[in-house]
Amino acid sequence: MSATPQQLLIAGLADAGKSSFIHAVDDLLHHPAADDALRASGLAEDRIYLEKEKSSFRAGEELERTKRTPLGAPPELLFEDPKSGLKGRLFLPDVSGEIYRDQWVDRIWDKSYADSLKHVSGILLFARADLAASNAELLGPLIDPEKPVEAVKEWDPRNASSQVQLVDVLQFIATHGDFARPLRVGLIFSAWDTMAKMGEQAPTPDAFLRTDWALLDQYLSTNVDTFTTKVYGVSALGGTREEMRELRKLAPSDRVKIVDGKDVSRDLTKPLRWLLKLT
Amino acid sequence: MFHCKLPDCPIAKNGRCLEGQGTDCPNLLADDNLDATATVAASPKPVATAGIALYSGNPLALKDAREFTGRGRAIVVGLVGLIESGKTSLLARLHRQFLAGSVSGYRFVGSKTLLRFEELNWNATIDSGVNAPKMDRSSRHWDNSFLHYTVRPQHTNDEITDVLMNDISGETVQDAVGTQKTCNQLLGLARADHVVVVADGGALADFAVCHDHAGKLRDFVQRILQSGQIGKQTVLHLVVSKQDLLKGREDAAVRLEADFQRLFSGQVGGLHYWRVAARPCDGTQPTEAEIAKMFAQWVSTSLRYPPMDFSTLPTVDWPRDFCRFGASQRQPF
């Protein structure tokens, strides 16, 4: 088996849960639950970003809104599958997610980002389950021409609907990316604990994508020559700030949850295994 | 200031490119007295410095639209109507419908103008802070540019269809009623499979303006028939918008529909009537079902380039026919 790691890109808008996920996976890779589980294959050269927040993550504290990565190596996790010997590198080109919003606003790709796509084998795409996919519309009884207007916000592309921005990010990749097709995309709905609270009424991640992120769903399902998609619901922190007061008593690996269809587990490396075609 | 090879281009007077291509227009001629700081009104273009320029997200200029009309059976829809008649609101509503799911059995495959669609919807969102939906007037700058969708029918592996929607400003339509020359500059109409004439339901309901409003629309259609921009190859749609404002004055809409039937039904390939409210302000819901039906009509019908039934043809000249009839295997957008 080739020693060259397969490159897996993390993508998603700001505040989509990417940082929490990478911390949680980092923890799992260093404490694999079983002999055949994915494991860390060493420490990346530059772990400044990860170590900065490690203690907060382990303590179950809310992570600060990630600022843009200073110049230097992108945060990355190196791992391997002990059974096949396959190696992987999970990396973020820009931790904060602003790089993707910048693409949407400025309509330009950084050359280093373009280069990173050349060798990519898969993408983990993040979206928040507890935030709206589209901007709420002023309709029906909400319309009140007599209501005094305090301040009208001018149009700013940054305020566009999240699912529209994500579709364009994928369209840019489809149009300009240089990779073998179809490319596997693991779509991660973070903060999935908010869905789980619905109990038996809770949708599966696939159903949630269809009903709540319908434009993104249509795009992914009609572009199967370019992208092959699998959808997961993930709770990487475990719960809300209030719930963490209790949950922090558990080890980080015991707080997390991942939902794949109807299957619920704590193995956050599942999407990585799928991206690597191990499952 | 720039000058242009095209005699009717107003760029030397007001900085606006006739074809909507700004400084990229191939017809531009540099002036020796060019003020280096002069700018040309143009859609915002990405500045490719150290990176790769991506498509702008704004309406496609003609040269970019040709990428789609040249590779397959793209549908071109021209929307015309007087100022604030609801043309752009109709397109904005279509975008909202795709955000929520497929539209009349057509699934979203892609779009190069998502940025513009979001901008059109901004002043109807709660976050914008407005108390009622508002729409900025369409600029003449977009008169020869196109909003874009690629769609595919649900539950089939049928070919994708590119839909190019040309939203012509009300000011231009108003001027075009007065002069054939303005009409002739509307290059998208000459290629349109569908021309959608939007009549403002609010104006039709107002005795003071309804006759003039209806008259101008009839005259505009007469102009584009006269010029040959539309004809038997075109499907004409009369859309009465703002149905929420039409209450009690439906007779005005009926009269206009009857006029269109009498004047134009024999001169175009098809004629359809629609009553819609894309952004009603009376507390009712938008007429999404009707708008979806109209969209399906656009996508499924072309008299200009009807789909070929290859099973009945003994041979197909693939290199010659693929472009016209979309018979090539195209990659989705």
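Values in this document were obtained by computation on a predicted structure and should not be read as measured data.

**Q** Can you walk me through the pattern of salt bridges in this structure?
**A** Two side chains that carry opposite charge are able to pair once their charged atoms sit near each other. In total, this model carries 33 salt bridges over all chains according to the counting rule given. Of the charged contacts, one joins K118 of chain A and D115 of chain A as a salt bridge, the two residues approaching to 3.4 Å between their closest N and O atoms. Within this pair, K118 of chain A and its partner D115 of chain A are both found in helix α4 (residues 111-118), separated by three residues, close to a single helical turn. By relative accessible area, which is 30% here, D115 of chain A ends up partly exposed. Residues joined by salt bridges that share partners form a network here, namely E137 of chain A together with R93, R96 and E288 of chain B.

**Q** Would you take a moment to explain the sheet that holds strand β2 (residues 39-40) of chain A for this structure?
**A** The strands making up a sheet are joined through hydrogen bonds of the backbone, oriented either antiparallel or parallel. Residue and element names in this part refer to chain A. The strand order β2-β3-β4-β1-β6-β7-β8-β9-β10 describes an open sheet built from nine strands, whose pairing is mixed. The sheet terminates laterally at β2 and β10 (263-265), the two strands that pair on one side only. As paired elements, strand β8 (residues 227-235) and strand β9 (residues 257-260) share three bridges and run antiparallel to each other. By the bridge assignment, G233 is partnered in β9 with V259. Helix α1 (residues 18-30) rests against β1 (6-12), β2, β3 (76-80), β6 (120-128) and β8 of the sheet, and its axis sits at about 35 degrees to β3. Those strands touched by helix α5 (residues 162-176) are β1, β6 and β8, and its axis lies near 170 degrees from that of β6.

**Q** Just to check I follow, could you spell out helix α5 (residues 170-178) of chain B for this structure?
**A** Every α-helix winds through 3.6 residues per turn, so residues three or four apart in the chain are directed the same way. Within α5 of chain B, the full set of buried residues consists of G170, T172, V173, A176 and V177 of chain B. Projected down its long axis, α5 of chain B carries its buried residues within an arc of 155 degrees, all on one side.

**Q** Is there a simple way to explain the environment of S104 of chain B in this structure?
**A** All names here are of chain B. Summarising the element assignment, S104 is placed in the loop between α3 (87-100) and β5 (106-110). C-alpha separation for the pair S104 and E290, spaced 186 residues apart in sequence, amounts to 9.6 Å. Beyond its immediate chain neighbours, meaning those up to four positions away, S104 contacts A292, K293 and A296. Looking at S104, its side chain comes within polar contact range of the main-chain oxygen of A292, at 3.3 Å.

**Q** Any chance you could explain the interface of chain B and chain A here in plain terms?
**A** It is common to give the size of an interface as the accessible area lost on bringing the parts into contact. Each side of the interface is counted separately: chain B has 52 residues, and chain A has 47 residues. Across the chain B/chain A interface, buried area totals approximately 4200 Å², and carbon plus sulfur atoms make up 59% of it. Among the residues chain B hides against chain A, the three largest losses belong to L54, W122 and N131 of chain B. Together they make up 17% of the total. Linking chain B with chain A are three salt bridges, by the criterion used here. Counting the contacts that link chain B with chain A gives 27 residue pairs in polar contact (both at pLDDT 80 or more). Where the side of chain B that touches chain A is concerned, the elements lending two or more residues are β3 (51-53), α3, β5 and α4 (114-122) of chain B. In terms of residues, the side of chain B that touches chain A owes the most to one element, α3 of chain B, which gives six residues. Here the side of chain B that touches chain A is composed, by residue class, of 27 nonpolar, 18 polar and seven charged. By the bridge criterion, three bridges tie strand β5 (residues 108-110) of chain A to β3 of chain B in an arrangement that is antiparallel. Its bridge partner lying in β3 of chain B, W109 of chain A is registered against I52 of chain B.

**Q** Honestly, helix α8 (residues 214-222) of chain A in this entry has me stumped. Any pointers?
**A** Of all nine residues making up α8 of chain A, eight are buried, and the element is well covered by its neighbours. Along α8 of chain A, the residues classified as buried are A214, L215, L216, D217, Q218, Y219, L220 and T222 of chain A.

**Q** What is the right way to look at the side chain of Q7 of chain A in this model?
**A** Residue and element names in this part refer to chain A. By the secondary structure assignment, Q7 is in strand β1. Judged by its relative accessible area of 14%, Q7 is buried. Within the structure, the side chain of Q7 is placed 2.5 Å from the side chain of R89, a separation counted as a polar contact.

**Q** Is there a simple way to explain the packing of aromatic side chains in this structure?
**A** By convention here, two paired aromatic rings are described through the distance between centres and the angle between planes. Residue and element names in this part refer to chain A. Enumeration over the complete set of coordinates arrives at 20 aromatic pairs over all chains. Note on W109 and Y113: the rings are 5.1 Å apart at their centroids and 75 degrees apart in plane angle, and the pair reads as edge-to-face. Judged by relative accessible area, which is 1%, W109 ranks as buried. Ring geometry for F189 versus F208: centroids 4.9 Å apart, planes at 85 degrees, classification edge-to-face. With F189 in strand β7 (residues 183-190) and F208 in helix α7 (residues 205-212), this residue pair connects regions lying 19 residues apart in the sequence.

Parameters at a glance
Residues numbered from 1 in each chain as written. Chains lettered and ligands numbered in written order. Predicted model: local features only at pLDDT ≥ 70, side-chain atom pairs only at ≥ 80, totals over all residues. Heavy atoms only, no water. Salt bridge = Lys/Arg side-chain N within 4 Å of Asp/Glu carboxyl O. Helix = DSSP H or I, 4+ residues; strand = E, 2+ residues; numbered from the N terminus. Buried < 20%, exposed > 50% of the residue type's maximum accessible area, 1.4 Å probe, protein only. Pairing = 2+ DSSP bridges. Contact = heavy atoms within 4.5 Å. Axes fitted to C-alpha atoms, helices over the stretch in contact; angles between N-to-C directions. Arc of directions from axis to C-beta. Polar contact = N/O pair within 3.5 Å; in protein donor to acceptor, adjacent residues only side chain to side chain. Buried area = accessible area lost by both parts, 1.4 Å probe. Nonpolar A, V, L, I, M, F, W, Y, C, P; charged D, E, K, R; others polar. Phe/Tyr/Trp six-rings, centres within 6.5 Å; stacked < 30°, edge-to-face > 60°.

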